[in-house]
Amino acid sequence: MLYQTIDILGTIAFAISGVLVAMEKRLDLFGVLIIAFVTAIGGGTLRDLLIGNTPVGWMQDLTYVTTIFISVVFAIIFVNKLKYLRRSLFLFDTIGIGLYTMVGVEKGLEAELLPIMCVFLGTMTACFGGVTRDILCNEIPVIFRKEIYATACILGGASYFLFSQFPIKDSYAYIAAILVVIIIRLIAVVFGVSLPSIYKKAA
Amino acid sequence: MLYQTIDILGTIAFAISGVLVAMEKRLDLFGVLIIAFVTAIGGGTLRDLLIGNTPVGWMQDLTYVTTIFISVVFAIIFVNKLKYLRRSLFLFDTIGIGLYTMVGVEKGLEAELLPIMCVFLGTMTACFGGVTRDILCNEIPVIFRKEIYATACILGGASYFLFSQFPIKDSYAYIAAILVVIIIRLIAVVFGVSLPSIYKKAA
Amino acid sequence: MLYQTIDILGTIAFAISGVLVAMEKRLDLFGVLIIAFVTAIGGGTLRDLLIGNTPVGWMQDLTYVTTIFISVVFAIIFVNKLKYLRRSLFLFDTIGIGLYTMVGVEKGLEAELLPIMCVFLGTMTACFGGVTRDILCNEIPVIFRKEIYATACILGGASYFLFSQFPIKDSYAYIAAILVVIIIRLIAVVFGVSLPSIYKKAA
């Protein structure tokens, strides 16, 4: 129940982030729909393909398609209220990667993969939709920009395996890990934190 | 028998459309072959991966590879007779999306997916090869151009589920749906029909 | 044992080639890691997906991830010793396609595919990682450059089915085919051999 709710919340967040990027690029209605879909289901599709979970999840359950469709209609109607597009986009995208990271980790555990592979799978689930959205909209993929993005997913995903060692309910560890992703990403952007350079500085 | 024939006809149409785009870009022989292959099998490969139909279709049956190879040789030899390249390309591409849409719908039904998912699968089967062809050849993907393209596949695929309610042979409903795709696409291009705008017009 | 060793050697060669391209583009640490991973596992992932070998190989065995990680650390530390970057890159890439072509052919045989499909699978295993590396780093994909690249994989893969007709140990035929790929690629680059043109020369 909790896991399904989180999956749907992530779908909404990513669908809206897709609409915002696509409308900024002034794509037509069909283009906006496509970008919203790809952003919302891209990561989960790659994940399901890699672990052999086919037909892929969103094809077997009308919930995803319906959720995305309603989110798109809602976002298009209210886009003018979302005055600060860039800021809204950032917020929805950040919530999305937090939720999707743990959905991916969960699926990895179900497929009995090693913890490190679960973390990879969570990171791909979280990042791939946004990367595809940015490539299709001709933006530099978020994952390759300076600030910490995928790193937040990796650290958050790993933190779940730490938290789950504690004598707490699994759902608490799960939610704590989601918050770790979101908080690291927020801190990184607010304070402009980036990874250390591997190149020698010019004199 | 009918379904297989249609699959092969679609393969020929898309392979030739791939050769035409690749030769306009003056790729070398190997490049032309690659583009023809990707255009012809790209959509079906994505479809087979999403529904877990592996090894993917064209790997288990020499017919596809042989068909593509013969189509490429034929197209390269007769390319100079196809004086009006752009027009030929449009024709082969339109026939291709009509045929492939219904091949995809058929596979979706075999996998016992919901009708709406079958329509999605048909649209992806029809559009993905051409999108990949255009990206590799550095053209704007057909699917993102103004005119109605994927929309024709969606409407045609959906029409099959309408036609199949009538007391007619399934193969008639199947062929009628193919014609719906082709006719909508033809009308859209000839009359320059496009989707309504979601943006407010500038005063 | 032999096959596994060759798989690991290919992984090392491609991971290092990924680091070299990524550092020439001055990506940050995370970018370098991603490119190294994608280059090393991209081809094998596509291969495993196409034949339905899921969860894909590298997810079920820590060896690959560990090997790539160590190769990346090693390559970053010693990159300044590899003075002639371009030449080193070419060498590692060439060794990589030789090794991966035969890993792909082997997996095709295990999936009981036809010889020609095994050769295709080997070529995709060898080429796809490098193509993705080049696209992500905004270089023209190696496969579309003038010199013979994928053709070397096709000829080498096909040569295995010739060699295996001879009364020799399978492992000899296997290694001979790897050498055929590497030698054809070396000769093609050293002597600037390219495919014959399919276009009429301007007068």
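Being a predicted model, the structure only gives us computed values, none of them experimental. (Residues numbered from 1 in each chain as written. Chains lettered and ligands numbered in written order. Predicted model: local features only at pLDDT ≥ 70, side-chain atom pairs only at ≥ 80, totals over all residues. Heavy atoms only, no water.)

Which residues make up the packing of aromatic side chains, and what are the values?
Enumeration according to the criterion identifies 21 aromatic pairs over all chains in this entry. Judged by centre distance (5.8 Å) and plane angle (90°), the ring pair of A:Phe37 and B:Phe120 falls under edge-to-face. Placement of the pair is A:Phe37 in helix α2 (residues 29–51) and B:Phe120 in helix α5 (residues 115–136), with the two residues belonging to separate chains. Considering the side-chain rings of C:Tyr160 and C:Tyr174, the 6.3 Å spacing of their centres and the 90° angle between planes classify their relative orientation as edge-to-face. One end of the pair, C:Tyr160, is in helix α6 (residues 150–163); the other, C:Tyr174, is in helix α7 (residues 170–190), with 14 residues separating them in the sequence. Owing to a relative accessible area of 1%, C:Tyr174 belongs among the buried residues under this scheme. Each residue in the set A:Phe37, A:Trp58 and B:Phe120 is aromatic and connected to the rest through ring pairs, giving one cluster. (Phe/Tyr/Trp six-rings, centres within 6.5 Å; stacked < 30°, edge-to-face > 60°. Helix = DSSP H or I, 4+ residues; strand = E, 2+ residues; numbered from the N terminus. Buried < 20%, exposed > 50% of the residue type's maximum accessible area, 1.4 Å probe, protein only.)

Report on a nonpolar patch on the surface, specifying residues and quantitative values.
All names here are of chain A. Where nonpolar side chains cluster on the molecular surface, the patch consists of Leu2, Ile175, Leu179, Ile183, Ile187, Val190, Phe191 and Val193 and spans about 720 Å² of accessible area. When residues in the nonpolar patch are grouped by element, the largest group, five residues, is from helix α7 (residues 170–190). You can see leucine 2 is positioned in helix α1 (residues 2–24). Using a relative accessible area of 30% as the deciding quantity, one classes leucine 2 as partly exposed. (Patch = residues over 30% accessible without salt bridge, like charges linked within 9 Å, V, L, I, M, F, W, Y side chains within 5 Å. Areas by Shrake-Rupley, 256 points an atom, 1.4 Å probe, with all protein chains shown as cover. Salt bridge = Lys/Arg side-chain N within 4 Å of Asp/Glu carboxyl O.)

Please give an account of the environment of A:Phe14 that cites residues and values.
Residues and elements named next belong to chain A. With respect to the element layout, phenylalanine 14 can be found in helix α1. Separated by 158 residues in sequence, phenylalanine 14 and tyrosine 172 have C-alpha atoms that sit 23 Å apart. Every residue in contact with phenylalanine 14, bar those within four places of it in the chain, is listed here: Thr39, Ala40, Asp93, Gly96, Ile97, Tyr100 and Ala126. (Contact = heavy atoms within 4.5 Å.)

Give a description of the interface of chain A and chain C that names residues and reports values.
With 22 residues of chain A in contact, the opposing surface of chain C contributes 25 residues. Interface area for chain A against chain C, summed over the two sides, is near 2,000 Å², with a carbon-plus-sulfur share of 78%. At the boundary of chain A and chain C, one finds zero salt bridges. Our enumeration of links across chain A and chain C arrives at one residue pair in polar contact (both at pLDDT 80 or more). A per-element tally of the side of chain A that touches chain C places helix α5 (residues 115–136) of chain A first, with five residues. Looking at the side of chain A that touches chain C, its residues break down into 18 nonpolar, two polar and two charged. (Buried area = accessible area lost by both parts, 1.4 Å probe. Polar contact = N/O pair within 3.5 Å; in protein donor to acceptor, adjacent residues only side chain to side chain. Nonpolar A, V, L, I, M, F, W, Y, C, P; charged D, E, K, R; others polar.)

How would you explain the relation of the copies chain A and chain B if you had to name every residue and give the values?
If you rotate chain A by 120° and push it 0.0 Å along the axis, it lands on chain B with an RMSD of 0.0 Å. In symmetry terms, the pair is related by a three-fold rotation axis. Of all interface residues in chain A, a mere 4% are interface residues in chain B too; the two copies therefore contact each other through different surfaces. (Least-squares fit on C-alpha atoms with pLDDT ≥ 70 in both.)

So what about the pattern of salt bridges? Which residues, and what values?
Between side chains of opposite charge, a pair can form when the charged atoms approach closely. All names here are of chain B. Here the structure, examined in full by the defined rule, presents nine salt bridges over all chains. For the salt bridge of arginine 133 with aspartate 93, the shortest nitrogen-to-oxygen distance reads 2.9 Å. Here arginine 133 is found in helix α5, whereas its partner aspartate 93 is found in helix α4 (residues 85–110), with 40 residues between them in sequence. The two residues arginine 133 and aspartate 93 agree in class, both being buried. Across the pair arginine 133 and aspartate 134 runs a salt bridge, and its minimum N-O distance is 3.1 Å.

Which residues make up the relation of the copies chain A and chain C, and what values go with them?
Once chain A has been moved 0.0 Å along the axis and rotated by 120°, it coincides with chain C to within an RMSD of 0.0 Å. Looking at chain A, a mere 5% of its interface residues are interface residues in chain C too, so the copies touch through different faces.

So what about the UniProt feature "transmembrane region" (unreviewed entry) in chain A? Which residues, and what values?
Residue and element names in this part refer to chain A. Cross-referencing UniProt, the feature "transmembrane region" (unreviewed entry) maps to residues 6–23, 30–50, 62–82, 89–107, 113–136, 148–166 and 172–195 in the present numbering. The straight-line gap between the two end C-alpha atoms of residues 89–107 is 27 Å; of that span, 100% is helix and 0% is strand. Counting secondary structure, residues 113–136 comes out at 92% helix and 0% strand; the distance between its end C-alpha atoms is 31 Å. (UniProt positions renumbered as here; feature names shortened; annotations may be inferred.)

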